[in-house]
Amino acid sequence: MNGIYGRAATGLADTSWAVNESVARMGTKGEQLSEKVLNTFSSRAAVMHDLRVPIPGFKANIDHVIVSGSRVLILDSKMWKPGFYWTLAGVNRRGREKVPHTGKDQTWITKAVESHLRGTGAEVLTVRLVIWPSRTGEKVSTWLLKVPGAILITGDALARTVRSFIGRRPADDRIVARLAELIVTPAAGPGSARR
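Rules used throughout
- Residues numbered from 1 in each chain as written.
- Predicted model: local features only at pLDDT ≥ 70, side-chain atom pairs only at ≥ 80, totals over all residues.
- Heavy atoms only, no water.
- Salt bridge = Lys/Arg side-chain N within 4 Å of Asp/Glu carboxyl O.
- Buried < 20%, exposed > 50% of the residue type's maximum accessible area, 1.4 Å probe, protein only.
- pLDDT = per-residue confidence, 0-100.
- Contact = heavy atoms within 4.5 Å.
- Helix = DSSP H or I, 4+ residues; strand = E, 2+ residues; numbered from the N terminus.
- Pairing = 2+ DSSP bridges.
- Core = buried A, V, L, I, M, F, W, Y, C linked by side-chain atoms within 4.5 Å.

Draft legend 1. Structural context of the pattern of salt bridges. According to the stated counting rule, one finds five salt bridges in the structure shown. Ionic pairing is found between Arg94 and Glu97, a salt bridge with its closest N-O pair at 2.6 Å. Residue Arg94 is classed as buried on the basis of its relative accessible area of 12%. The closest approach of N and O atoms between Glu138 and Arg135, which form a salt bridge, is 3.1 Å. Judged by relative accessible area, Glu138 falls into the partly exposed class, the value being 36%. Given a relative accessible area of 41%, Arg135 falls into the partly exposed group.

If you want it as structure tokens, here you go:
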């Protein structure tokens, strides 16, 4: 069941999670940048966007999931200010500034998806955080940054990462069907559209 399922940033219509509207717009842009890259792999894998975290009452979402054979790769898109990010003694920084928002443990996402897929034979890999710079032409360096339960990649390495993940087998139908239950659909109303 290779193909594209859902659409990026559907769940970001409710911006109550964001500090302000600017942060919400950046979140949307990051997800859409990743979506553009990921959709190019839809003939070789199932590419899924904007899934609910399978925990009742929980409002967070999973930005993207790629399924290849029975392997599942979870991706969370971020847009961060350009700069050098690093971790020392459990404190994350950009330059000298503390940036606690960059260190949120991602292990719970992997565990929630594993639990949801129990019995399907799915192999859920460690979450990948895809980091895009918030300003065009500038860089985000994360090679000394540690985020519990996640592997960090920059946006310019996303295609290479997905290419190395995808195997020869198409996406497992059972896994795709179970994950498709979680896809966020746009609210009906003026201006809403579905793909």
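Draft legend 2. Geometry of the confidence of the model for the protein. In this model, the protein carries a mean pLDDT of 90, and residues with pLDDT of at least 70 account for 88%. Here residues 188-195 is modelled with pLDDT under 50, and outside its nearest four sequence neighbours on either side it reaches nine contacts, counting other chains as well.

Draft legend 3. Representation of unusual backbone geometry. Positive phi values are uncommon outside glycine, yet Asp50 reaches one of about 55 degrees. Inspection of the secondary structure puts Asp50 in strand S2 (residues 46-52). With a phi close to 55 degrees, Ala89 is a non-glycine residue in the positive phi region. Its place among the elements puts Ala89 in the loop between strand S5 (83-88) and strand S6 (91-94). Since its relative accessible area comes to 77%, Ala89 is described here as exposed.

Draft legend 4. Looking closely at the pairing of S5. Sheet analysis places S5 next to strand S10 (residues 140-144), joined by three bridges and oriented parallel. Of the residues in S10, the one forming a bridge with Gly83 is Val140. The pairing of S5 with S6 spans four bridges and is antiparallel. Directly across from Leu88, in S6, lies its bridge partner Val91. Two successive antiparallel strands, S5 and S6, enclose a turn made up of two residues, where Ala89 displays a positive phi of approximately 55 degrees.

Draft legend 5. Fine view of the sheet that holds strand S7 (residues 97-98). Pairing in this open sheet of four strands is mixed, and the strands run S7-S6-S5-S10 from one edge to the other. If you trace the sheet from one side to the other, it starts and ends with S7 and S10, each paired once.

Draft legend 6. Here's a closer look at the side chain of Thr142. Its location among the elements puts Thr142 in strand S10. In this structure Thr142 comes out as buried when scored by relative accessible area, which is 9%. Beyond its immediate stretch of four places on either side in the chain, Thr142 contacts Trp80, Tyr85, Ile131, Leu152 and Thr154.

Draft legend 7. Local environment of the nonpolar core. Ranked by size, the top nonpolar core spans 32 residues in total, and within it Met48, Val65, Val67 and Leu179 carry the most contacts. What Leu179 contacts, discounting residues up to four positions off in sequence, is Met48, Leu51, Val65, Val67, Val72, Val113 and Leu117. Phe41, Val47, Leu73 and Met79 belong to the second largest nonpolar core, which has 16 residues in total.

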